[in-house]
Structure formats: C-alpha cells, structure tokens
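Understanding the architecture of this molecule
Here is how the chains run, residue by residue.
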Amino acid sequence: MSDGTALAGPDGVPRCPWALSTEDYVAYHDEEWGRPVHGDDALYERLCLEAFQSGLSWITILRRREGFRAAFSGFRIADVAAFTEADKERLLADPGIIRNRAKIEATVANARVLAEWSPDDLDALIWSHAPDPATRQVPKTLADVPAVTPESTALAKALKKQGIRFVGPTTAYALMQACGLVDDHLETCVARGAPL
C-alpha cells in the first residue's frame, strides 16, 4: 500500500501514484499533466474537459477526449460559439461524450462569451493567476497536494465575473494543475520539473 509518495511503475520509473492505474494515465502524466498550455482554444478545451469531469473520474474524460474533440469542433471557440439548438441536441445524443445537458449548455455558452474577447485574453486571464513557484512547497506525498488554493478561488471568481459557467475553485485548481500553472508532480516523481 502506498503512503502517497511516488511509486515505481512496471518500467521501474517513479511516478505520482495516481498515474499508475492505467496506461492512459501513464501517458497523460508523463506527456501532458503539469506541462504549460497556452492559446485560447487549447485552454478552452481544458476548461471544458475539467467541467465535464466534475463528479466523474478523469479517466472517463481522458478516454473520451477524441470524441469530445470531434463533437465540439476541436474546441475552436469561434466554431462552438456558432452552435445551434440542433447542435446541442446532436451532442445530447452523442455516445462519444458525456451527455449532460447542463455541461453541454455551459460549454456552448462559454464559447459565446469567449468569442467576444480579444485573442489571448483567456490565456492572459488564466496565467495571471499562476502562483510564484518559489512560494510553493514541493509536494512529497499526495496529502501535500491541495484541491483548492487562494489562486484557484480567485481564478474561478474572475472567470465567473466574465460570464464563464461551470467553474468553481476545485475545477479551477484542476485546470491549473493540468495546464502547468502549478507543478504538483511529487518530489521524487520522474516528471517533477521535467523539461518542457
């Protein structure tokens, strides 16, 4: 049983324990999670996927990511902003995604809000909430990794103020972890501070 520290996988490489349950997680952990993501469409995708994950396991979303990308026009903000009621009904019938009306409605509504912004405004807003790495302790165990921080609370509040739906402090923190605003790889994890 793990004490929450990095564990060696079948390849002998130490990783965060959550990454070892499936091959999908290993690849996501090693290649994506905690790596900086920039660009409004790319950040919009991550924001949407984190919202869809709410109440579900991340593996459920990860395994359907290509289905989500196909269903939501590659998460191109301008394209999703133009979705009609017929598109929403199509999405509710799509077995390749999570068919949750509130989350689908929020995804389209958020695209409409973001379509009115100037290029890189979403990128600038999200990254303005990245904490100074020097002020953060390196997590030694999973117990050291928070679910919410003052920065994620402020980010959720800033997004909501701009009209973005379905984002709370926990979802905002998961977004910060996934997009590299914070490095929550454990101290002895191979991906900790890995080259980008």
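An unreviewed UniProt entry annotates the chain as DNA-3-methyladenine glycosylase I of Streptomyces ossamyceticus.

**Some points on the packing of aromatic side chains**
Taken as a whole, this structure holds 10 aromatic pairs when the rule is applied. Summarising the aromatic geometry, the rings of Trp18 and Trp33 are spaced 5.0 Å apart at their centres and angled 75 degrees between planes, so their arrangement reads as edge-to-face. Taken together, the positions of Trp18 in the loop between strand 2 (14–15) and helix 1 (23–31) and Trp33 in the loop between helix 1 and helix 2 (40–53) put the pair 15 residues apart, joining distant regions of the chain. For Trp18, a relative accessible area of 24% puts it in the partly exposed group. On the basis of relative accessible area, Trp33 is assigned to the buried category, the value being 10%.

**What about the packing of helix 6 (residues 85–92) against helix 7 (residues 101–115)?**
Viewed as axis vectors pointing N to C, helix 6 and helix 7 meet at an angle of 140 degrees, and their least axial separation amounts to 10 Å. Classified by the angle between their axes, helix 6 and helix 7 sit oblique to one another. Note that helix 6 runs across helix 7; the crossing there is right-handed. Along the contact surface, helix 6 presents Lys88, Glu89, Leu91 and Leu92, while helix 7 presents Arg101, Ile104, Glu105, Val108 and Arg112. Here the contact of helix 6 with helix 7 is composed, by residue class, of four nonpolar, no polar and five charged.

**Here's the deal with the packing of helix 2 against helix 10 (residues 169–178)**
Closest axis-to-axis distance for the helix 2/helix 10 pair is 9 Å, and the angle between their directions is 135 degrees. As summarised for this structure, helix 2 and helix 10 are arranged oblique, according to the angle between their axes. Of the two possible hands of crossing, helix 2 and helix 10 adopt the one that is right-handed. Facing Leu43, Arg46, Leu47, Glu50 and Ala51 of helix 2, the residues of helix 10 in contact are Thr171, Ala174, Leu175 and Ala178. Grouping the constituent residues of the contact of helix 2 with helix 10 by class yields six nonpolar, one polar and two charged.

Cut-offs and rules
- Residues numbered from 1 in each chain as written.
- Predicted model: local features only at pLDDT ≥ 70, side-chain atom pairs only at ≥ 80, totals over all residues.
- Heavy atoms only, no water.
- Phe/Tyr/Trp six-rings, centres within 6.5 Å; stacked < 30°, edge-to-face > 60°.
- Helix = DSSP H or I, 4+ residues; strand = E, 2+ residues; numbered from the N terminus.
- Buried < 20%, exposed > 50% of the residue type's maximum accessible area, 1.4 Å probe, protein only.
- Axes fitted to C-alpha atoms, helices over the stretch in contact; angles between N-to-C directions.
- Parallel < 35°, antiparallel > 145°, perpendicular 65-115°, else oblique.
- Left-handed = near helix turned anticlockwise from the far one by under 90°.
- Contact = heavy atoms within 4.5 Å.
- Nonpolar A, V, L, I, M, F, W, Y, C, P; charged D, E, K, R; others polar.

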